[in-house]
Amino acid sequence: MSWTPVSWRDRQAAQMPVYPDAPALARAEARLASAAPLTQVEDIIALKAALARVSAGEAFLLQGGDCAESFAEFGADKVRMIFNLLLQMGAMVRAESGAEVVHLARIAGQFAKPRSSGSETIDGVTLPSYRGDAVNGPAFTQASRMPDPQRLIQAYRQAQVTIALLDAYAAAAYADLPKLDRAARERLGLHRDGLGEHRPVSVFTSHEALLLNYEQALTRFDEASESWWAMSGHMIWIGDRTRQLDGAHVEYARGVANPVGLKCGPSLAPDDLLRLIERLDPENEAGRLVLIGRFGAENVAAHLPPLMRATEREGRKAVWSIDPMHGNTRSAGRLKTRLVADIVAEIGSFFEVAQAEGVHPGGAHLEMTGADVTECVSGELPLCEQHLSQRYLTHCDPRLNHDQAIDVAAAIAQLVERKALQASNAA
């Protein structure tokens, strides 16, 4: 099937905003199409090579960041906190197991979110739902909720600055890696010597490719590789609500050479998964496709095994990762929250299922922040619900705070180490 960066426009596009000013949208798209790319092909290829090592069972993918990036809350400190948190978590996994860790941030493009309803009603007033800062504003007013194409330009500019900050922090962090490793070993109660040669840390960028007009405008053809690339980030993913086989989002993603993530929820049947894999990764290329399960702690043991079994049976080289956040959201009064115990339980079940099916448990995908927020609950819900409102700052879904993310990383580190020991004993 022929593909161009605009062929998605002939397909049904779920979760796309309706812009009232079509000429303004066209002008914004034209400006982005003439703008500098946000990433480099060489860096995307480096991520794909790293993910190929994950696929081969030689590395672990740690993906995490904000539920949705914010214009108002943006700053260098916020970028630095998520960068440092990813490195701290990765150092813990590496210290426990010795495994290579691929650091992939939800950042520099995670400005839009799918919504269960296109509108929201408060006190008898109905307005469009807030879809993320790249689309509209969170304030419940007609002006704020109107989709505005200029927000696409603002998202691009913030992503530019974010990537520059990440590059600067990565260069500086290289000197701190021995200290990070020592701190990680102490946190885990380990006392063995260092972990060998340190290499510069790369923190790659990723986001859900939800706003296809933004993605199209930042798509570039590279003569050297003779391929089209999404230059909006190193990796893009397709959400559980937009993974229709003949839909616009799958159509766009199949034509770019980047690594592509695919969210896999409880409604996805094994045969449908295999059809999506064939559409997105017909060459069965290691490092191309990351399958991100999102089921909920109570559902993962029922829904994940047949999906893993199908990919193993077909010899697919896709990476399997787990998103233990979205299936574990619950209500706490008027707020949404997640229990850290549920998050850890789903990750544990993911490792158990992977071992039973002979699949490498390749990664974890987390919504988290380096800030001291109170959005997820570490203890029992009735005891902790009263504390949620103290620093409940998210505009969308609840995130792990710094300490909770470190606790989850410790659990992951132990699971990765256990898996490595089992493989060693089997050999």
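See above for the structure.
Note that this is a predicted model, so its numbers are computed, not measured.

What counts and what doesn't
- Residues numbered from 1 in each chain as written.
- Predicted model: local features only at pLDDT ≥ 70, side-chain atom pairs only at ≥ 80, totals over all residues.
- Heavy atoms only, no water.
- Axes fitted to C-alpha atoms, helices over the stretch in contact; angles between N-to-C directions.
- Helix = DSSP H or I, 4+ residues; strand = E, 2+ residues; numbered from the N terminus.
- Left-handed = near helix turned anticlockwise from the far one by under 90°.
- Contact = heavy atoms within 4.5 Å.
- Nonpolar A, V, L, I, M, F, W, Y, C, P; charged D, E, K, R; others polar.
- Pairing = 2+ DSSP bridges.
- Buried < 20%, exposed > 50% of the residue type's maximum accessible area, 1.4 Å probe, protein only.
- Right-handed = clockwise from strand over helix to strand, strands pointing away.
- Phe/Tyr/Trp six-rings, centres within 6.5 Å; stacked < 30°, edge-to-face > 60°.
- Disulfide = S-S within 2.5 Å.
- Expected span 1.5 Å × (residues − 1).
- Salt bridge = Lys/Arg side-chain N within 4 Å of Asp/Glu carboxyl O.

### Some remarks on the packing of helix α10 (residues 300–313) against helix α11 (residues 340–357)
Here is step 1: Where α10 contacts α11, the axes come no closer than 10 Å and their chain directions differ by 40°. In this structure, α10 meets α11 at a crossing whose hand is right-handed. Residues Val 300, Ala 301, Leu 304, Pro 305, Met 308, Arg 309 and Glu 312 of α10 pack against Glu 346, Ser 349, Phe 350, Val 353, Ala 354 and Glu 357 of α11.
Here is step 2: Class assignment for the residues of the contact of α10 with α11 results in 8 nonpolar, 1 polar and 4 charged.

### Some points on the sheet that holds strand β10 (residues 289–293)
Here is step 1: With respect to topology, 8 strands assemble into a closed barrel ordered β1-β2-β5-β8-β9-β10-β11-β14, the strand pairing being parallel. Within the sheet, the average angular offset between the axes of one strand and its neighbour, ignoring direction, is 30°.
Here is step 2: The sheet contact formed by strand β5 (residues 203–208) and strand β8 (residues 235–238) spans 3 bridges and is parallel. Bridging from a neighbouring strand, Ser 206 pairs with Met 235 of β8.
Here is step 3: α10 contacts β9 (260–264), β10 and β11 (319–322) of the sheet and is inclined by roughly 165° relative to β11.

### Quick word on the pairing of strand β1 (residues 59–65)
Here is step 1: Counting buried residues in β1 gives 7 out of 7 residues, a clear majority hidden from the surface.
Here is step 2: Alternating positions in β1 separate into two faces, Ala 59, Leu 61, Gln 63 and Gly 65 on one and Phe 60, Leu 62 and Gly 64 on the other, with burial throughout.
Here is step 3: Pairing analysis gives 7 bridges linking β1 to strand β2 (residues 100–106), with the strands arranged parallel. Paired with Gly 64 across the strands is Ala 105, a residue of β2.
Here is step 4: Assessed by its sense of winding, the connection that carries the chain from β1 through helix α3 (residues 76–97) to β2 is right-handed.

### Observations concerning unusual backbone geometry
Here is step 1: Of note in this structure, Ala 108 is not a glycine but carries a positive phi near 60°.
Here is step 2: Position of Ala 108 among the secondary structure elements: in the loop between β2 and β3 (119–122).
Here is step 3: With relative accessibility at 0%, the residue Ala 108 sits in the buried group.
Here is step 4: Even without glycine at this site, Glu 226 takes up a positive phi of about 55°.
Here is step 5: Here Glu 226 shows up in the loop between β6 (219–222) and β7 (227–230).

### Re the packing of aromatic side chains
Here is step 1: Under the counting rule described, the total for this entry stands at 7 aromatic pairs.
Here is step 2: Relative to Tyr 169, the ring of Phe 83 lies with its centre 5.9 Å away and its plane at 50°, an arrangement referred to as tilted. Placement of Phe 83 in helix α3 and of Tyr 169 in helix α5 (residues 150–173) is noted, with a sequence separation of 86 residues between them.
Here is step 3: Ring pairs connect the aromatic residues Trp 3, Phe 221, Trp 228 and Tyr 252, which therefore count as one cluster.

### Some words on the state of the cysteines
Here is step 1: Taken as a whole and judged by the stated rule, the model has 0 disulfides.
Here is step 2: In this structure Cys 67 is a free cysteine whose sulfur lies 4.3 Å from that of Cys 396, the closest cysteine sulfur available.
Here is step 3: Cys 67 provides the cysteine sulfur closest to Cys 264, a residue in no disulfide bond, and the two sulfurs are 19 Å apart.
Here is step 4: Of the residues examined, Cys 264 reaches a relative accessible area of 0% and is grouped as buried.

### So, α10
Here is step 1: Spanning 14 residues, α10 covers 20 Å between terminal C-alpha atoms, matching the ideal 20 Å at 1.5 Å per step.
Here is step 2: All of the buried residues in α10 are Val 300, Leu 304, Pro 305, Leu 307, Met 308, Ala 310 and Thr 311.
Here is step 3: Those residues of α10 that are buried are in contact with β9, α9 (270–280), β10, β11 and α11.
Here is step 4: Two residues or fewer past α10, Gly 315 is found with a positive phi of approximately 70°.

### Quick word on the pattern of salt bridges
Here is step 1: This structure, assessed with the given rule, holds 25 salt bridges.
Here is step 2: Among the ionic pairs, Arg 53 bridges to Glu 100, the shortest N-O distance being 2.9 Å. Taken together, the positions of Arg 53 in helix α2 (residues 41–55) and Glu 100 in strand β2 put the pair 47 residues apart, joining distant regions of the chain.
Here is step 3: Residue classification places Arg 53 among the partly exposed positions, given a relative accessible area of 29%.
Here is step 4: A salt bridge links Arg 399 to Asp 66; its shortest N-O distance comes to 2.5 Å. Residue Arg 399 is found in the loop between α12 (381–384) and α13 (402–426), and its partner Asp 66 is found in the loop between β1 and α3; the two are separated by 333 residues along the sequence. For the pair Arg 399 and Asp 66, a shared accessibility class is recorded, and that class is buried.
Here is step 5: The structure contains a network of salt bridges with shared partners spanning Arg 106, Lys 113, Lys 336, Arg 338, Glu 367 and Asp 397.

Just geometry here; none of it tells us what the structure is for.
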